[in-house]
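Residue-level structure breakdown
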Amino acid sequence: MNNSTQSRNLVLGIDTGGTYTDAVLLDYDTHQVLDRHKSLTTKRDFAIGIGNVIDRIHIDDPKEIKMVSVSTTLATNAIAESKGKRVGLFLIGYDPELISSFKMSQQFSTPNYYYFDGGHDLYGAEKKPLDLKSILEKVKQIKHQVDALAVSSYFSPLNPEHENRAYQAISSVCDLPIVLGHQLSTKLGSVERATTAALNASLLSVLREFIIAVRRVMERRKIAAPLMVVRGDGTLMSDEFAVRTPVETIHSGPAASAIGGHFLSGIDNALILDVGGTTTDLALLIDGKVTISEKGAMVSEYKTAVKAADLLSIGLGGDSHIRTNREGDLLIGPERVVPLAYLSAQYPKVKHQLHNLTKISWQKSSPEWLEYWYLIREPESMELADSDRKRKLVEILRVSPRAIPEISKELGIIHVSQIGAEELFRQEIIGKAGFTPTDLMHIQEQYSVWDVEAARYALDAFSHYLLKEPAEVQRLVWELINEIILEAVVSFVTEISLSEELSAPGIGAWFFKNAIYQRHPHLGAALKLAYPVIGLGGPAKMFLDASTRTLHTDLVLPEHYQVANAVGATAGSIMVSEEVLIYPKLSESGLDVIGYFVQSSYDRLEYQELATALEFARRLSHEYVYSAAIRSGAANPEVIINEKMDGIDTYRIFAQAYGKPRLS
Amino acid sequence: MQLIGVDTQRAYDRIREMIISLVLEPGALVDEHALADQLNFGVTPIREALKLLAHDNLIEVSKHQGIYVSRISTEDLKLLSEVRVLLEGATARMAAQRAKEDDILVMEALIDEQKGIPEEDKRAWFEIDHKLHQAIAAAAHNRYLGESLEYYFGLSQRLWYLVLPKLKYLSRSVEEHADLVKSIKERNPDKAGEIMVSHVRSFYQKVHEIIEAEQG
């Protein structure tokens, strides 16, 4: 009290995106950003990037930091790149013929799935006795070949008895982590539940390692604050919950951006466009809340039962690769490369080469001269031992970055694809650099932290090859970017995919093109977005200026819009939810209702009267979410209870407790 | 996740493992700095971990001798054996009265697995043995009993490593286990209790013999 600076509530927000890891130090009460930093994401080990970024944030007194909150693409990436752990999926009471006739087995996200007798029916009654003997037999067979197990039993949300018995038995014979379907989803869709359980199991150790890594960095910086993780709907969960339900972090990055956009701009209704290095993410903010997808989040080709923000992510960002196809058409993305302005700043020789490139004859020029490979780190010998070409490649890159035609020449091959360097890229041993919108932004003096001159040489060389003026090429690139963004906006807001419309010369394509270019002499078309656009991320201004004009709306760039994602990681509420099902108990004949079951995620109780059952369910769910929110670090949680009928005589009571983090 | 340092937890697990598997021998002096170097941790987490291990009775801190790994004394062994014989015997009796079908399936699966483990793979063998004792405790359906047994079992783990290399004890033990599960399945508490008592007792007898031989 005697010194106002000692009672500040500071929070540290971190977002690990596909290209950059951002961190902000924020005064929670005044919304003031005290410090911010950007660092490259290290995909091979996210903790390195997080360590780098936290180390550069200026912290006066670590005791002032009351909360650390992270959003991460770790889960989404691990699934997309199949880097999750191996999972054995036990399906109890599922119909193998039904699954295979609808080709649903590819949905399970793991090739190791097994069917067993058991499961319940729509009334929670046992359909078939549980075949525990076969389950234990299978566990013995596979336990050394998988890293985690998932169990999903038919209609387990109504009666999880078979999942619980399987858990008891399996955990008595092996130490693998086990995920149960009913604990993750109360929805009745049996395939989505199994997929969610299997994905969750595959991510357990990935997220655990991540949390431990963040905690280590915190300990090193003497930050003794609770650690929160952002969910896919933007709410926060304590790290304790996060290590059990990693699957809920799917899409947490874009959700955090949208919430950060709201927090920084104070605008309640807007379309949020977050332009990153690799992707641009779209989300809709209505009445101050990010709209949530009711269908369950999709990740890669898998449909899950995870609640996440309704969003669209497209492969276009500041570092998207600009190139041409064989026909000479301009292309951009989805591949992300390091901008040539950046590479030249690190290696002056590259700049020199780019300069020479502007002077060679057209016959000799090729866009491949604008694609460089470079060494990021020394490989450990084992990673290379499988091929001479790879060893040679690393040897020449160790001297300096090389353009593609140089590499082919030095290695005596026709094309670099013969090297098979994919794994070297994935392991971040070598990287790729090329011509990007970030280079154009350097030339246009919108962003010039790296080598502006080198960027100009690159544009000149690229224009030289295209036989066009540099100014013309610039205009064409921004036009293409604008078109891609508008297509995404229209598809996202209308939920109608435009790509099919645009590939055929119909009226849809006509309206769209005329709304952008006003080509027709007699009839014009126009788009009008009902909300302003909140632009986030470094390249937002350049990327969104033209498109918001076409959409006849305002582009709002709030202060600190470059790091809104990290701000948003701290701005969400802590949320805990619980769903309780109430459904009838039938007589032996199946004709009479003789009572009601109340099924929560940990208990099933029986009541004679519906009214008493409902009353109990309300009280139970209220108590559960309230106390769990307090345990998770929420201050004065507010509980919202929703009830709805779901089929004959079946009720769902959905309780959520929301609270701002308790910061003291 | 507790605010207890993640490194402390990791250091605790590693050092505990070293003590139980006799890499750190009973009575050996513990050098915090050497351990910190060897395990690649700071000295603080090592110190915190040693405190936790002292609480587990695996480390002793003495003003005069410094920090050392707790010794195994014949006197202590006798006391431990008395308690375990009593508790494990009672547990087996209760399991024979209360075990459910699922419990028995688990026990049978474990016996089955143990039979397939080669004699040399003592580590795997030991893990299954532990799980079987846990499964029997679970089948007694009294969680206080289960928790107490776990504590005493923890204290006995080091003894296992002491005995294992010296004796051809395993195959007979597997037979004993099988008989034990059979009597539980047949709902024969007297027989189950009897087998368990002799099983635990003979284990401590062997340990006693070995320690006598080494010290004598």
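Small disclaimer: the values here were computed from a predicted structure and weren't measured.

**A word on the overall build of chain B**
Along its length, chain B carries 9 helices and 2 strands. The linear arrangement of helices and strands in chain B, starting from the amino end, is α-α-α-β-β-α-α-α-α-α-α. At 19 Å, chain B has a C-alpha radius of gyration in line with the 17 Å of a compact globule built from 216 residues. In terms of its C-alpha atoms, chain B occupies a principal-axis envelope of roughly 55 × 50 × 30 Å. Within chain B, the fraction of its 216 residues that count as buried is 49%. Per element, the accessible surface of chain B, about 11,200 Å² overall, is 50% carbon and sulfur. Considering chain B, the positive charge centre built from 27 side chains and the negative charge centre built from 36 side chains are found 2 Å apart.

**Examining the domain arrangement of chain B**
Residue and element names in this part refer to chain B. Taken domain by domain, chain B holds domain 1 (6–69) and domain 2 (74–215). Each of domain 1 and domain 2 has a C-alpha centre, and these two points are 28 Å apart. Contacts between domain 1 and domain 2 engage 11 residues on the former and 8 residues on the latter. Summed over the three residues of domain 1 that lose the most area to domain 2, namely Ile20, Leu22 and Asn57, the buried surface amounts to 50% of that side. One can count 0 salt bridges joining domain 1 with domain 2. Across the domain 1-domain 2 interface, the total number found is 1 residue pair in polar contact (both at pLDDT 80 or more). Residue contributions to the side of domain 1 that touches domain 2 peak at 4 residues, all from helix α1 (residues 6–20).

**Considering the interface of chain A and chain B**
With 23 residues of chain A in contact, the opposing surface of chain B contributes 16 residues. Summing both sides of the interface, chain A and chain B together bury roughly 1,800 Å²; the carbon and sulfur share of this comes to 55%. Along the contact surface separating chain A from chain B lie 6 salt bridges. Residue Glu209 of chain A is joined to Arg10 of chain B by a salt bridge in which the shortest nitrogen-to-oxygen separation is 3.6 Å.

**A look at the pairing of strand β4 (residues 65–72) of chain A**
Residue and element names in this part refer to chain A. Most of β4 sits out of view: 8 of its 8 residues are buried. By the bridge criterion, 7 bridges tie strand β1 (residues 10–16) to β4 in an arrangement that is parallel. Bridge assignment links Thr16 to a residue of β4, and that residue is Thr72. Bridge analysis of β4 against strand β9 (residues 227–230) gives 3 bridges, and the strand direction is parallel.

**Brief notes about helix α3 (residues 43–55) of chain B**
Between its first and last C-alpha atoms α3 of chain B spans 19 Å; for 13 residues at 1.5 Å apiece the expected length is 18 Å, and the two agree. Taken together, the buried residues of α3 of chain B touch α1, α2 (32–39), β1 (59–62) and β2 (66–69) of chain B.

**Topic: a negative patch on the surface**
A grouping of Glu60, Glu75, Asp76 and Glu82 of chain B is seen on the molecular surface, where their side chains present a negatively charged patch. Note on placement: Glu82 of chain B falls in helix α4 (residues 74–98).

**Some remarks on the pattern of salt bridges**
Residue and element names in this part refer to chain A. Throughout the structure, instances matching the rule amount to 38 salt bridges over all chains. Put simply, Arg86 and Asp147 hold a salt bridge, and the shortest N to O gap is 3.2 Å. In this pair, Arg86 is assigned in the loop between α2 (74–80) and β5 (87–92) and Asp147 in the loop between α4 (132–142) and β7 (148–153), connecting sequence segments 61 residues apart. Look at the salt bridges and you will find they share partners, linking Asp55, Arg220 and Arg221 into a network.

**Considering the sheet that holds strand β24 (residues 430–434) of chain A**
Residue and element names in this part refer to chain A. Taken together, the 4 strands give an open sheet; going across it, the order is β21-β24-β22-β23, and neighbouring strands pair in mixed fashion. This sheet does not close on itself; its edge strands, each paired only once, are β21 (338–339) and β23 (402–403). Pairing of strand β22 (residues 372–375) with β23 involves 2 bridges; the strand directions are antiparallel. Counted as the bridge partner of Trp373 is Arg402 from β23.

What counts and what doesn't
- Residues numbered from 1 in each chain as written.
- Chains lettered and ligands numbered in written order.
- Predicted model: local features only at pLDDT ≥ 70, side-chain atom pairs only at ≥ 80, totals over all residues.
- Heavy atoms only, no water.
- Helix = DSSP H or I, 4+ residues; strand = E, 2+ residues; numbered from the N terminus.
- Rg over C-alpha atoms; globule rule 2.2 N^0.38 Å.
- Buried < 20%, exposed > 50% of the residue type's maximum accessible area, 1.4 Å probe, protein only.
- Areas by Shrake-Rupley, 256 points an atom, 1.4 Å probe, with all protein chains shown as cover.
- Lys, Arg positive; Asp, Glu negative; His and termini not counted.
- Charge placed at Lys NZ, Arg CZ, Asp CG, Glu CD.
- Domains from an automatic or database assignment.
- Contact = heavy atoms within 4.5 Å.
- Buried area = accessible area lost by both parts, 1.4 Å probe.
- Salt bridge = Lys/Arg side-chain N within 4 Å of Asp/Glu carboxyl O.
- Polar contact = N/O pair within 3.5 Å; in protein donor to acceptor, adjacent residues only side chain to side chain.
- Pairing = 2+ DSSP bridges.
- Expected span 1.5 Å × (residues − 1).
- Patch = residues over 30% accessible without salt bridge, like charges linked within 9 Å, V, L, I, M, F, W, Y side chains within 5 Å.

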